[in-house]
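Chain and residue survey
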Amino acid sequence: MEERDAISSDGYVVQLQQLLDSGKITKDQFTHFKSRGIEIIRPLQDYGLKSLGRVLPEIVIGASYEFIKKMKIPYQATSFLVANTKPDSDGWYVYKIPEQPRGGLLHLSGGKRRLGDNIFASTHRIILGRKAILVSAVNLMANKDNIWNWHFFGDHLKENNESLYDDLVQLEVIMKRSDDSNGRVDGISPYYYIVIARSESTFKKLQIVDNYLQNKISVLNPENKVHVIFVTNKSGFDFASKKIEESSLISYITTGESFDLYHGMHDLKRDYGIDSILNDGGRIMSEGVRREGLLGEERLSLEPFPGEDIFPLDKYIDPTTVAGFQGLGLDGNEIEGSILLHSNTIEDEKLNVYIYPLEERKVL
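Here we summarise the structure given alongside this text. Note that the structure is predicted; figures quoted are calculated from it, not measured. (Residues numbered from 1 in each chain as written. Predicted model: local features only at pLDDT ≥ 70, side-chain atom pairs only at ≥ 80, totals over all residues. Heavy atoms only, no water.)

1. Quick word on empty space enclosed by the protein
Test applied: Here a cavity denotes grid points, spaced 1 Å and computed from the protein atoms alone, that fit a 1.4 Å probe unable to get out, and a pocket denotes an open set having protein on both sides within 12 Å along at least 5 of 7 lines; residues with an atom within 4 Å of a point are the lining. Grid points are joined across faces, edges and corners, and a volume is the space filled by probe spheres set on the points. Helix numbers and strand numbers start at the N terminus; a helix is a DSSP run of H or I with at least 4 residues, a strand a run of E with at least 2. Note that Gly is not counted as nonpolar here; it falls among the polar residues with everything else outside the nonpolar set of Ala, Val, Leu, Ile, Met, Phe, Trp, Tyr, Cys and Pro and the charged set of Asp, Glu, Lys and Arg.
Applying the stated criterion across every chain yields a total of one cavity of 30 Å³ or more. In this structure, the largest cavity spans a volume of roughly 30 Å³. For the lining of the largest cavity, the secondary-structure elements that each account for two or more residues are strand S2 (59–61) and strand S12 (339–346). Its residues assigned to classes, the lining of the largest cavity shows five nonpolar, two polar and two charged.

2. Structural notes on helix H1 (residues 9–21)
As a reminder of what qualifies: Given a helix with a known number of residues, its expected span is that number minus one, times 1.5 Å. Residue burial is assigned from relative accessible area. The probe radius is 1.4 Å, only protein chains are included, and a residue is buried under 20% of its type maximum, exposed over 50%, and partly exposed in between. In this description, the arc belongs to the directions extending from the helix axis to the C-beta atoms.
With 13 residues, H1 ought to run about 18 Å at 1.5 Å a step, and its terminal C-alpha atoms sit 19 Å apart, in line with that. Burial in H1 covers these residues: Tyr12, Gln15, Leu16, Leu19 and Leu20. Looking straight down H1, one finds its buried side chains confined to an arc of 145°; they lie on one side. Those residues of H1 that are exposed and aimed more than 90 degrees away from the buried face are Asp10 and Asp21.

3. Quick look at helix H7 (residues 115–127)
Given a rise of 1.5 Å per residue, 13 residues ought to cover 18 Å, and the 18 Å separating the end C-alpha atoms of H7 matches this to within 8%. Here H7 lies mainly inside the structure; 13 of its 13 residues are buried.

4. Notes on the packing of aromatic side chains
Let me state the cut-off plainly: Only rings of Phe, Tyr and Trp enter the pairing, Trp through its six-membered ring, and a pair is recorded when the two centres are within 6.5 Å. The plane angle decides the type: under 30 degrees is stacked, over 60 is edge-to-face, the rest tilted.
Taken as a whole and judged by the stated rule, the model has eight aromatic pairs. Ring geometry for Trp150 versus Tyr165: centroids 5.6 Å apart, planes at 40°, classification tilted. One end of the pair, Trp150, is in the loop between helix H8 (137–142) and helix H9 (151–154); the other, Tyr165, is in helix H10 (residues 162–181), and 15 residues separate them in sequence. Since its relative accessible area comes to 3%, Trp150 is described here as buried. Between Phe237 and Tyr252, the aromatic rings sit 5.2 Å apart at their centres with planes inclined by 85°, giving edge-to-face as the arrangement. Linking Phe237 in helix H13 (residues 234–240) with Tyr252 in strand S8 (residues 250–254), this pair joins segments that are 15 residues apart in sequence. We classify Phe237 as partly exposed; its relative accessible area is 23%.

5. A closer look at the pattern of salt bridges
Selection criterion: One side-chain nitrogen of Lys or Arg within 4 Å of one carboxyl oxygen of Asp or Glu is enough to make a salt bridge.
Enumeration over the complete set of coordinates arrives at 16 salt bridges. Residue Arg114 is joined to Glu303 by a salt bridge in which the shortest nitrogen-to-oxygen separation is 3.3 Å. Taken together, the positions of Arg114 in the loop between helix H6 (105–108) and H7 and Glu303 in strand S10 (residues 297–303) put the pair 189 residues apart, joining distant regions of the chain. Glu303 shares its class with Arg114; the two are buried.

6. Quick word on unusual backbone geometry
Of note in the backbone geometry, Asn215 takes a positive phi value of approximately 55° without being a glycine. Position of Asn215 relative to the elements: it lies in the loop between helix H12 (208–213) and strand S7 (227–232). Asn215 gets classed as partly exposed once you look at its relative accessible area, which sits at 45%. Of note, the phi angle at Lys225 is positive, near 55°, even though the residue is not glycine. Its location among the elements puts Lys225 in the loop between H12 and S7.

7. Notes on the environment of Ser136
The criterion, for reference: Any two residues whose heavy atoms approach within 4.5 Å are treated as being in contact. In the analysis that follows, any N or O atom pair within 3.5 Å is treated as a polar contact, provided that within protein one partner can donate a hydrogen and the other can accept it, and provided that, for residues neighboring in sequence, both atoms belong to side chains.
Here Ser136 lies in strand S5 (residues 132–136). The sequence separation of Ser136 and Ile355 amounts to 219 residues, and the corresponding C-alpha distance is 22 Å. Once residues within four sequence positions are removed from consideration, Ser136 is found in contact with Val195, Ile196, Gly281 and Met285. Within the local environment of Ser136, its side chain forms a polar contact with the backbone nitrogen of Asn139, the two atoms lying 3.1 Å apart.

8. Quick look at the nonpolar core
Which entries qualify depends on this criterion: Remark: nonpolar core denotes a set of buried residues (Ala, Val, Leu, Ile, Met, Phe, Trp, Tyr, Cys) joined through side-chain atoms within 4.5 Å.
Of all hydrophobic cores here, the largest spans 76 residues; its most connected members are Leu52, Ile119, Ile127 and Ile194. Looking at which element gives the most residues to this core, the answer is H10, with six residues. Membership of the second largest hydrophobic core comes to 28 residues, among which are Ile133, Val135, Phe203 and Leu206.

9. Brief notes about the pairing of strand S13 (residues 349–355)
Worth spelling out the cut-off: Being paired, for any two strands, means DSSP has found at least two bridges between them.
Most of S13 is tucked away, with six of its seven residues classed as buried. Relative to S13, S10 runs antiparallel, the two sharing six bridges. The residue bridging Leu302 from the neighbouring strand is Lys350, located in S13. Here seven bridges tie S12 to S13, and the two strands are oriented antiparallel to one another. Each bridged residue has a counterpart across the sheet, and for Thr345 the counterpart in S13 is Lys350. Counted along the chain from S12 to the antiparallel partner S13, the turn is two residues long, and its residue Glu347 has a positive phi close to 55°.

These results come straight from atomic positions and should not be treated as a statement about function.
In structure tokens, the structure reads:
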């Protein structure tokens, strides 16, 4: 789909019809995306958030509220920052630099936190991750000092973009108020951190129990009041729960002798009422979720070429670091197996939302 200044539900269906007519999507995909619908949030018109509405006139979600409520598992969205490897933006979009700590994210964004990505990452954590963020055990331990809520990104706006920061604070209040009005009578919206730790060997290899006992994992520090749910198999539960005991802030979902992601997601929706999740588990885990037909969308901050000091013209690009390139998507855009739903531009950053087909026999 082409970038456009505004989107409507009717216009979305027209775009889907054009993709069907041109043979880029199948009839089944057309029917699925049409019935799934979209949700459009307009910060200025809907909530009077002037500064946020100026830079993000629309925040688009790749499924309607009604569709998400019907799903048997939570609606999952994932997010990444990627950079182009060529000055003319005709290269690969990569999501990490293997030889750099934590994937070299600051190098990808030109050595600093970028305005667009800070805003985009903050809003999709507030909207899609306000009930739960899902991480792999590997990512949990790689970022054990942090809690990746919206403040991790949004606080960078405090000094130079105070009005934008204030609007993000207000957006969080509005989203929580909306949750309360849709069935939460106690006025409390618990925040869940869901950790995929597939088995006993995962806990052992990453030394999760030892780090917990030394209080080195921020989300497991009771002072931070984050409800952590480990999704694991029976061996993982039997091993970890002896020391990381179940409590008001620590829970387990056990999927049986073998790890079963679908089983875990089904129990999250059924037992905890979690209807949407921001998948922050990393590229490998999110790709696994997509292959199972359980990943709804991907929200990417596309950064321009960060410079020849980062990507010399003769530099070898490790294919395992590539998130996409032009022409790979169902509609000819960047991300394999996806359709570009919506795009915003802030300065020289493109903030894109791509949608994936969900496997309806699993999710409905």
